[in-house]
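Structural overview for review
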2 protein chains.
Amino acid sequence: MTDKVVIIGGGAAGPKTAAKLRRQDPEIKIDLYTQEEIISYSACGLPYYIENIIQSPDTLILRTPEDFQKQNIEVHIKQRCLKVNTEEKTVLLEDLISDNKYEVNYDVLVIATGAVPIIPNIANIDLKNIFTLRTIQDGIAIKEKMQTSKKAVLLGGGYISIELMEALVQNNINVTLIERNSQILKMFDEDFSQMVTDYMIGRNPGQVSIYTNEEVVAFTGNESGEVSKVITASGKEIETDFVILGTGVRPNTDFLEGTGIKLSINNSIKVDKTLKTSKQGIYAVGDCTDNYNLVTNRYTWVPMGSTANKEGRCAAINIAGGSCFFDGILNSTITKYFNLTISIIGISYREATELGFQPEFAIVTKRDKAGYMPNTGTMTLKLIVDKNTQTILGIQGIGEGDVNQRINTVIPAILSKTKLESFMNLDLPYSPPYSPAIDPVLNAAQIIYHKING
Amino acid sequence: MTDKVVIIGGGAAGPKTAAKLRRQDPEIKIDLYTQEEIISYSACGLPYYIENIIQSPDTLILRTPEDFQKQNIEVHIKQRCLKVNTEEKTVLLEDLISDNKYEVNYDVLVIATGAVPIIPNIANIDLKNIFTLRTIQDGIAIKEKMQTSKKAVLLGGGYISIELMEALVQNNINVTLIERNSQILKMFDEDFSQMVTDYMIGRNPGQVSIYTNEEVVAFTGNESGEVSKVITASGKEIETDFVILGTGVRPNTDFLEGTGIKLSINNSIKVDKTLKTSKQGIYAVGDCTDNYNLVTNRYTWVPMGSTANKEGRCAAINIAGGSCFFDGILNSTITKYFNLTISIIGISYREATELGFQPEFAIVTKRDKAGYMPNTGTMTLKLIVDKNTQTILGIQGIGEGDVNQRINTVIPAILSKTKLESFMNLDLPYSPPYSPAIDPVLNAAQIIYHKING
């Protein structure tokens, strides 16, 4: 019988688990420990707070410890988990205010410790005004520094840097993005990555610089210990007022060393479809867990707020004695740069080739509404199909038009391995304000079908 | 061997067949006959022309006879088909300019004669300024009359009347809609129909009246023979400057009587998945054909421009010796009334019950983006699932938020009969400008799953 549930981690997955578990079971004892001061917030909203689309960071907070208290969920802030003893069923915690250490026992433990930024090994990385963006405090610090700055450097060309680029450009900062790979957004095919690069530079020429194949080797600082220059391997010296490291994250699982809890790719926690770890009575949810990719049928690690919420919900149902299976993910991601929507689902053509599929693709550039309607937007879609099974492996979409509608239309077809022949005549609803008579995504499917089958 | 293809009908399906066939086969002889003067136009765009969102009717024309001539496709306008002789493989045509009748032979005949408005049996329906809206000429006549009018009456509460209501309200006309059923939009459940009614009346109180359960029994006219009043069975007398009949359409197939070409529901033409009719060498495409409903597994008749285009494309491939199957439709429709998107896919809860399914449903009202983002819109979704198979039967969506994205996400899942348990954890891409962390459509799926499985 489960009497006492201990949840470690206060980002998205932990609080979601707590809230859902309380709805499933009004009696069970729930304690949530987090090393942060703020819990249950949307980290994905931080770039929009920095941009000033959202004025107060409080807006990003879904529930406070007091809200949880009312539901009889005890939230303990500023408490870091140091160790898990799976034999004794205890966790060792450290009170970050008093430095006291103490043990707490559990019947069920939920690990929801999320991910932490990867700090690259670069000379003088400890200088002031070199930020990462993960917590609300990080966001507040960056926004404050931005107000008095003119120049910034972003390290890494992932979604977070794209979103921060928008935030900074909108606030009149000159921004240099430095990516050590040959392209930004490395999950995309090269052609689509280049389209984003061109759009970003073209939108604000002179204000935005993007360097690829470029490694940062050192920072230099001024007499106050603040970063003032970024030095690259090719000899560039870029003056800057601050730096944001968008150089990736890793699962926050170091404290599990020696517990016997099985780890997976990138040291994420191995979980089954019910979110159970390898140790009895211990669940893991959110950014600290591995993910099963339903397209490649391989384990992967894709930390996403939406997955964290679904996993938290599912784990809570299982802890309460119900049955919920989280089958896996499709690598679905989306972001925007001003009016440009940028999205990829499944795998790219390059990845499909690397993984041994026999991919075929079609690229279409189309308007999102009937051509004669006002305010149409264009989009470019790249649909990727496996020639052997004639099922969809992925889609990339970029454009000022309604990309996300098309992307979303493909996702259930990827999940269900719908045959291309059925998909290309899919009965999507047609009306001039919503789409052309034959939707762009069906155009792409028809082209591939023709390529494969003549 | 196919030497000569004759296509009858110049709306959407006929010209699409001709254009695609020419791409498939550069040599084949193609002749297209239409009783209209204008071919290859988007009838769906006519309400937006009347509203004045589109200024010129020419904008709605995709291709002119001259465009077709350049592709070596002969277009013969103002030629009405009177008879088909399936034994001799000839069609009897009437030249509407000279009244001459003549025969043309074919190797392959494509019937694409579309649909025509149903003219209800109401006293004095021949009065001036009682319009239907089907052709570009109809649209021009309505728009012209609207310029000098103050009051209008719309008969019928289908999509066309909703779209015309917007056009007329936007042009400062006082509009009365009269529907003889107990609700407008009869394919929707009553609750969703009522939401649309409330929105329409609430948006322009005093300017919009909607009467249901109301039958028009007569029109009265002035001394110039123009309609001036609409008389209803309940005794209402509604003054008006013009009337538009949105009382439905029927397949334009009367001329096929006695040919032995098998007809189907509502006298639409029975076609197989390759768009062949029951007579060798004769295809039919577009609004004049029946449709297979993949949700109910029954034949139905749902004339849609998108289906017409897909069927035309598919028939052309088959005529040219290729292989294309058009499996069927999902009853997918969408329209808008100003900012309100209105859509239904599959079947309603009521229809599901009538057809013997064991339906369960969930209604959710949610914002379309993360709650803290600006410019969020709300939407109400009603998802309907069959309890026995736990697959989705339909979805209705109404709202100022991004309804169509959610609707489109459900469609491939209906097609592929995706299990609710898989669908409710579908990996939809999440970013605050595009959706909440758990998308509204997944919320709805989770609620139904919980209702059915506890």
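The rules behind each value
- Residues numbered from 1 in each chain as written.
- Chains lettered and ligands numbered in written order.
- Predicted model: local features only at pLDDT ≥ 70, side-chain atom pairs only at ≥ 80, totals over all residues.
- Heavy atoms only, no water.
- Helix = DSSP H or I, 4+ residues; strand = E, 2+ residues; numbered from the N terminus.
- Rg over C-alpha atoms; globule rule 2.2 N^0.38 Å.
- Contact = heavy atoms within 4.5 Å.
- Areas by Shrake-Rupley, 256 points an atom, 1.4 Å probe, with all protein chains shown as cover.
- Lys, Arg positive; Asp, Glu negative; His and termini not counted.
- Charge placed at Lys NZ, Arg CZ, Asp CG, Glu CD.
- Pairing = 2+ DSSP bridges.
- Axes fitted to C-alpha atoms, helices over the stretch in contact; angles between N-to-C directions.
- Domains from an automatic or database assignment.
- Buried area = accessible area lost by both parts, 1.4 Å probe.
- Salt bridge = Lys/Arg side-chain N within 4 Å of Asp/Glu carboxyl O.
- Disulfide = S-S within 2.5 Å.
- Buried < 20%, exposed > 50% of the residue type's maximum accessible area, 1.4 Å probe, protein only.
- pLDDT = per-residue confidence, 0-100.
- Expected span 1.5 Å × (residues − 1).
- Arc of directions from axis to C-beta.
- Phe/Tyr/Trp six-rings, centres within 6.5 Å; stacked < 30°, edge-to-face > 60°.
- Parallel < 35°, antiparallel > 145°, perpendicular 65-115°, else oblique.
- Left-handed = near helix turned anticlockwise from the far one by under 90°.
- 1 Å grid on protein atoms, 1.4 Å probe; cavity = no way out; pocket = protein on both sides within 12 Å on 5 of 7 lines; lining within 4 Å.
- Points joined across faces, edges and corners; volume = space filled by probe spheres on them.
- Polar contact = N/O pair within 3.5 Å; in protein donor to acceptor, adjacent residues only side chain to side chain.
- Nonpolar A, V, L, I, M, F, W, Y, C, P; charged D, E, K, R; others polar.

1. Observations concerning the overall build of chain A
The helix and strand inventory of chain A stands at eleven helices and 25 strands. Here the C-alpha radius of gyration of chain A, 23 Å, is about what a compact globule of 454 residues would show, namely 22 Å. Projected onto its principal axes, the C-alpha positions of chain A cover 65 × 60 × 40 Å. If you take every contact in chain A between residues at least 6 apart in sequence, the share linking residues at least 24 apart comes to 62%. Of the roughly 17,500 Å² of accessible surface on chain A, a fraction of 45% belongs to carbon and sulfur atoms. Positive and negative side-chain charges in chain A, numbering 44 and 52 respectively, have mean positions lying 3 Å apart.

2. Points about the sheet that holds strand β23 (residues 359-367) of chain B
Residue and element names in this part refer to chain B. If you trace the five strands from one edge of the open sheet to the other, you get β21-β22-β25-β24-β23, paired in antiparallel fashion. Two strands in the sheet have a free side with no partner beyond their single neighbour: β21 (333-337) and β23. Each neighbouring strand pair of the sheet contributes to a mean axis angle of 15°, computed without reference to strand direction. With nine bridges joining them, β23 and strand β24 (residues 378-386) adopt antiparallel strand pairing. Paired with T365 across the two strands is T380, which belongs to β24. The sheet strands contacting helix α5 (residues 159-170) are β21 and β22 (340-346), and the helix crosses β21 at an angle near 20°.

3. Thoughts on the domain arrangement of chain A
Residue and element names in this part refer to chain A. When cut into domains, chain A gives domain 1 (4-43 + 59-115 + 250-319), domain 2 (130-247) and domain 3 (339-453). If you look at the interface, domain 2 gives 14 residues, while domain 3 gives 17 residues. Summing both sides of the interface, domain 2 and domain 3 together bury roughly 1,200 Å²; the carbon and sulfur share of this comes to 61%. The largest contributions to the domain 2 side of the interface with domain 3 come from D189, F192 and Y199, which together make up 48% of the buried area. Inspection of the region where domain 2 meets domain 3 yields two salt bridges.

4. Considering the state of the cysteines
Residue and element names in this part refer to chain A. As enumerated under the stated definition, the model contains two disulfides over all chains in all. The residue that forms a disulfide with C314 is C324, at a sulfur-sulfur distance of 2.1 Å. Of note, the bridge from C314 to C324 carries an S-S torsion of about -100° and is left-handed in sense. Of this pair, C314 sits in helix α7 (residues 305-319) while C324 sits in the loop between α7 and β21 (333-337); the two residues are ten residues apart in sequence, bridging distant segments of the chain. Taking the relative accessible area as the measure of exposure, C314 reaches 0% and is therefore buried. Free of any disulfide, C44 has its nearest neighbouring cysteine sulfur in C288, separated by 15 Å.

5. Focus on the confidence of the model for chain A
Averaged over all residues, the pLDDT of chain A equals 97, while 100% of them reach at least 70. For this predicted complex, the interface confidence reaches an ipTM of 0.96, while the overall pTM sits at 0.96.

6. A short note on helix α6 (residues 190-203) of chain B
Counting along an α-helix, one turn takes 3.6 residues, and residues three or four places apart therefore face a common direction. Residues and elements named next belong to chain B. Between the first and last C-alpha of α6 there are 20 Å, a value that for 14 residues agrees with the 20 Å anticipated at 1.5 Å per step. Taken as a whole, α6 has its buried residues at F192, S193, V196, T197, Y199 and M200. In an axial view of α6, the angular spread of the buried residues amounts to 160°, which keeps them on one side of the axis.

7. Re the packing of aromatic side chains
Residue and element names in this part refer to chain B. Following the criterion strictly, the structure yields ten aromatic pairs over all chains and no others. Consider the rings of F131 and F242, whose centres lie 6.1 Å apart with planes at 70°: the pair is edge-to-face. Here F131, found in strand β9 (residues 130-132), pairs with F242, found in strand β16 (residues 242-245); they are 111 residues apart in sequence, far enough to count as distant. Residue F131 shares its accessibility class with F242, and that shared class is buried. Between Y337 and F338, the aromatic rings sit 5.0 Å apart at their centres with planes inclined by 85°, giving edge-to-face as the arrangement.

8. Points about the packing of helix α9 (residues 403-415) of chain A against helix α9 (residues 403-415) of chain B
In contact at an axis separation of 7 Å, α9 of chain A and α9 of chain B are set at 20° when each is read in the N-to-C sense. For the element pair α9 of chain A / α9 of chain B, the angle class is roughly parallel. Pair α9 of chain A / α9 of chain B crosses with right-handed handedness. Between α9 of chain A and α9 of chain B, the contacting residues are N404, Q405, N408, T409, P412 and A413 of chain A on the first element and N404, Q405, N408, T409, P412 and A413 of chain B on the second.

9. A word on the sheet that holds strand β9 (residues 130-132) of chain A
Residues and elements named next belong to chain A. Read from one edge to the other, the open sheet built from five strands follows the order β9-β16-β10-β11-β12, with strand pairing classed as parallel. The outermost strands of the open sheet, each flanked by one partner alone, are β9 and β12 (208-211). Each strand axis lies, on average, 20° off the axis of its neighbour in the sheet, ignoring direction. Bridge count between strand β11 (residues 174-178) and β12: four bridges; the pairing is parallel. The residue of β12 that forms the bridge with I178 is Y211. Its contacts with the sheet put helix α5 (residues 159-170) on β10 (151-155), β11, β12 and β16 (242-245), and the angle it makes with β10 is roughly 175°.

10. A look at empty space enclosed by the protein
Inspection of every chain in the model, using the stated rule, returns two cavities of 30 Å³ or more. Computed from the structure, the largest cavity encloses a volume of approximately 70 Å³. Roughly 60 Å³ of internal volume is contained in the second largest cavity. What lines the second largest cavity is E421, S422, N425, L426 and D427 of chain A together with L294, D327, G328, L330 and L415 of chain B.

11. Some words on the pairing of β16 of chain B
All names here are of chain B. Of the two faces of β16, the one lined by F242 and I244 and the one lined by V243 and L245 are each fully buried. Judged from the three bridges that link them, β9 and β16 form a sheet pairing that is parallel. Directly across from T132, in β16, lies its bridge partner L245. For strand β10 (residues 151-155) and β16, the ladder comprises four bridges, and the chain directions are parallel. When the bridges of β16 are listed, V153 appears paired with V243.

12. Brief notes about the interface of chain A and chain B
Quite often, the size of an interface is put as the accessible area lost when its parts meet. In this assembly, 67 residues from chain A lie in contact with 67 residues from chain B. For the pair chain A and chain B, the summed buried surface comes to about 5,600 Å²; carbon and sulfur atoms form 60% of the total. Per-residue buried area on chain A facing chain B is highest for Y372, D427 and Y434 of chain A; these three make up 14% of the total on that side. Linking chain A to chain B there are zero salt bridges. Taken together, the connections running from chain A to chain B amount to 22 residue pairs in polar contact (both at pLDDT 80 or more). Counting residues per element, the ones that place at least two in the side of chain A that touches chain B are α1 (13-24), α7, β21, β22 (340-346), α9, α10 (420-423) and α11 (440-453) of chain A. It is α9 of chain A that provides the largest number of residues to the side of chain A that touches chain B, a total of nine residues. Tallied by class, residues from the side of chain A that touches chain B come to 34 nonpolar, 24 polar and nine charged.

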